[in-house]
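What the coordinates show
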Amino acid sequence: MAAAAATFLPHTPTPRHRLAVAVAVHSPTRHRLSLVSSGATDATLSVAAAEEKADAGEAAAEEKAQRGGGGVGGGKERRRVVRKAWEKLVRWSRSWRRRNRSDVLETTRKVVVLGGGSFGTAMAAQVAAKKADLEVSMLLRDDLVCRSINHSHINWLPENITATTSASDALAGADFCFHAVPVQFSSSFLEGISTHVDPKLPFISLSKGLELNTLRTMSQIIPQALGNPRQPFIVLSGPSFAVELMNKLPTGRNLIVIELYITAMVVASKDKKLAAAVQQLLASPNLRISTSNDVTGVEIAGALKNVLAIAAGIVEGMHLGNNCMAALVAQGCSEIRWLATKMGAKPTTLSGLSGSGDIMLTCFVNLSRNRNVGLRLGSGEKLDKIMNSMNQVAEGVSTAGAVIALAQKYHVKMPVLTAVARIIDNELTPKRAVMELMNLPQVEEV
């Protein structure tokens, strides 16, 4: 929570003099930072002392009000309590920022992005915009697209982004690597470039889904394809559409409007320091990054939510109503939780950004590719026609069958997601699927 809350607030420079001790004292009513300084400046001490004195004064006032029988019933008193709570939060955040300032961005010289899809491009733009002299190299297959990026910076990309078809050029000297290749093509792609990958290069996976034939996640695919079981790995996930992450929306011929969209995501790694480094690399005033060590939970939630989004689209396409939509998504969330926890995920992860957050965005918003596939299926279109008309990948289509195979492996029943897989395989119509689901036994909610 501390890492996430700090992103909203302005930077406060870290004092140059070393702090010998920084002890955070927590109480139910306040957070207080006590500092013992070794050669600290007077300004640093005065800030800490002022904050401590303010907290003490507020606590005394609150205690006096409580002794006098005063509550928070009055409008003026209620506003005072809310204001003081907010001021404490701001002071705590500033203190945290002073103690946790990182030089990750300053020491990063080059970032490489594998793949030129919408989200890979959005992340390239996000990182490039944070530091003008940061080299951001995109490894693409299409030489024509490379020339467009290098010569005219299509899609309003920052000037410090370049593109190449050469794996050796793209990966040379990179400090971080963003992997944005679709899951089903990742293994063969990575095997082809493995000789150019530094064994210590951190891979940040943006790809969501399961490999169809092997049921592998990206945390398994990347190290195995590169032939390095110790390849540093991080997964980035959460509720985010590329078009909003880039903050640029077309509004007419040659016109764009720059909008400030707020996005929150999570980075997960078994290496806590690596997760914190990527958090600092990506965080900005409009992008909040939380950290987690639950790689399994973040990956499984990210893969299964795409299948659930197809189901939500089918409900919309069949005009089954808001009540049905809420019931279906709630059931789907339970199914995701059943499987993920059986695989070792934490329940708290599934109620966080990469779970509930991403599910809500993907199931309820029209920008979702997977939801739109479901909407068209529910309206009566055939899957082949839908897929042939799309120029982007809807991972839920290829993931659905793998999800059910995974559920069988872990002995988990998943009625809604199984129905989606049957519809995609053209073995069940959406109408018949709804009837079968409604005829399932009336059971206790779990």
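Residues numbered from 1 in each chain as written. Predicted model: local features only at pLDDT ≥ 70, side-chain atom pairs only at ≥ 80, totals over all residues. Heavy atoms only, no water.

To keep things clear, this is the line we draw: UniProt positions are given in the numbering used here, feature names are shortened, and annotations may be inferred rather than shown by experiment.
The protein is annotated in an unreviewed UniProt entry as Glycerol-3-phosphate dehydrogenase [NAD(+)] from Oryza punctata. Taken directly from UniProt, the Sequence similarities (unreviewed entry) text for the protein runs: "Belongs to the NAD-dependent glycerol-3-phosphate dehydrogenase family." Under the UniProt heading Subcellular location (unreviewed entry), the note attached to the protein is "Plastid, Chloroplast".

Here we look at the nonpolar core
Going by this rule: Among the buried residues, those of types Ala, Val, Leu, Ile, Met, Phe, Trp, Tyr and Cys that are joined through side-chain atoms within 4.5 Å form a nonpolar core. Here's how the labels work: a residue is buried when its accessible area is under 20% of the maximum for its type, exposed when over 50%, partly exposed in between, all with a 1.4 Å probe on protein chains only. Only DSSP runs of H or I reaching four residues or more are called helices, and only runs of E reaching two or more are called strands; each is numbered from the N terminus. Residue contacts are counted whenever heavy atoms from the two residues lie within 4.5 Å of one another.
Counting 47 residues, the largest nonpolar core has Leu 304, Leu 308, Val 329, Leu 377, Val 403, Met 414 and Leu 417 as the members making the most contacts within it. Among the secondary structure elements, those contributing two or more residues to this core are helix H12 (295-317), helix H13 (322-342), helix H15 (353-364), helix H16 (369-378), helix H17 (383-388), helix H18 (395-409) and helix H19 (415-424). When residues no more than four places from it in sequence are discounted, the contact partners of Leu 417 are Leu 304, Val 307, Leu 308, Glu 335, Ile 336, Val 403 and Ile 404. Core analysis: the next-biggest nonpolar cluster, separate from the first, contains 40 residues, Ala 125, Ala 180, Met 265 and Val 267 among them.

Some words on the sheet that holds strand S12 (residues 287-292)
Stated formally: Only strands joined by at least two bridges in the DSSP assignment are considered to pair. Helix axes are fitted only over the stretch in contact, all axes being lines through C-alpha atoms; the angle between N-to-C directions runs from 0 to 180 degrees.
The eight strands are arranged S5-S4-S3-S6-S7-S8-S11-S12 in an open sheet whose pairing can be described as mixed. Two strands close off the open sheet at either side, each with one partner strand: strand S5 (161-164) and S12. For this sheet, the mean inter-axis angle between neighbouring strands, taken without regard to orientation, is 25°. Inspection of the sheet shows strand S11 (residues 263-268) paired to S12 by six bridges, in the parallel sense. Following the sheet pairing, Ala 268 is matched in S12 by Ser 292.

A word on H15
This is how the line gets drawn: Expected span of a helix: the number of residues minus one, times 1.5 Å.
Helix length check: H15, at twelve residues, gives a terminal C-alpha distance of 15 Å against a target of 16 Å (1.5 Å per residue), a fit within 8%. Here H15 has its buried residues at Ser 354, Gly 355, Gly 357, Asp 358, Ile 359, Leu 361, Thr 362 and Cys 363. Contact partners of the buried residues in H15: strand S8 (233-237), S11, H12, H13, helix H14 (347-350) and H16.

Some thoughts on the pattern of salt bridges
Defined as follows: Each reported salt bridge corresponds to a side-chain nitrogen of Lys or Arg within 4 Å of a carboxyl oxygen of Asp or Glu.
With the rule as written, the count across this model stands at twelve salt bridges. In this structure, Arg 216 and Glu 211 form a salt bridge, with 2.8 Å as the shortest nitrogen-oxygen distance. You'll find Arg 216 and Glu 211 in the same group, each marked buried. Overlapping salt bridges, with partners in common, bring together Arg 83, Lys 84 and Glu 87 in one network.

A short note on the packing of H13 against H15
To keep it simple, the criterion reads: To sort the angles, those under 35 degrees are grouped as roughly parallel, those over 145 as roughly antiparallel, those from 65 to 115 as roughly perpendicular, and the leftovers as oblique. Crossing handedness is defined as follows: a turn of the near helix away from the far one that is anticlockwise and smaller than a right angle gives a left-handed crossing, while the clockwise case is right-handed. Amino acids outside the nonpolar list (Ala, Val, Leu, Ile, Met, Phe, Trp, Tyr, Cys, Pro) and the charged list (Asp, Glu, Lys, Arg) are all regarded as polar, and Gly is one of them.
In contact at an axis separation of 12 Å, H13 and H15 are set at 140° when each is read in the N-to-C sense. Compared by their axis directions, H13 and H15 come out oblique. The two elements H13 and H15 cross, and the hand of that crossing is right-handed. The residues of H15 that touch H13, namely those facing Met 325, Val 329, Cys 333 and Ile 336, are Ile 359, Cys 363 and Phe 364. Residues that form the contact of H13 with H15 fall into these classes: seven nonpolar, no polar and no charged.

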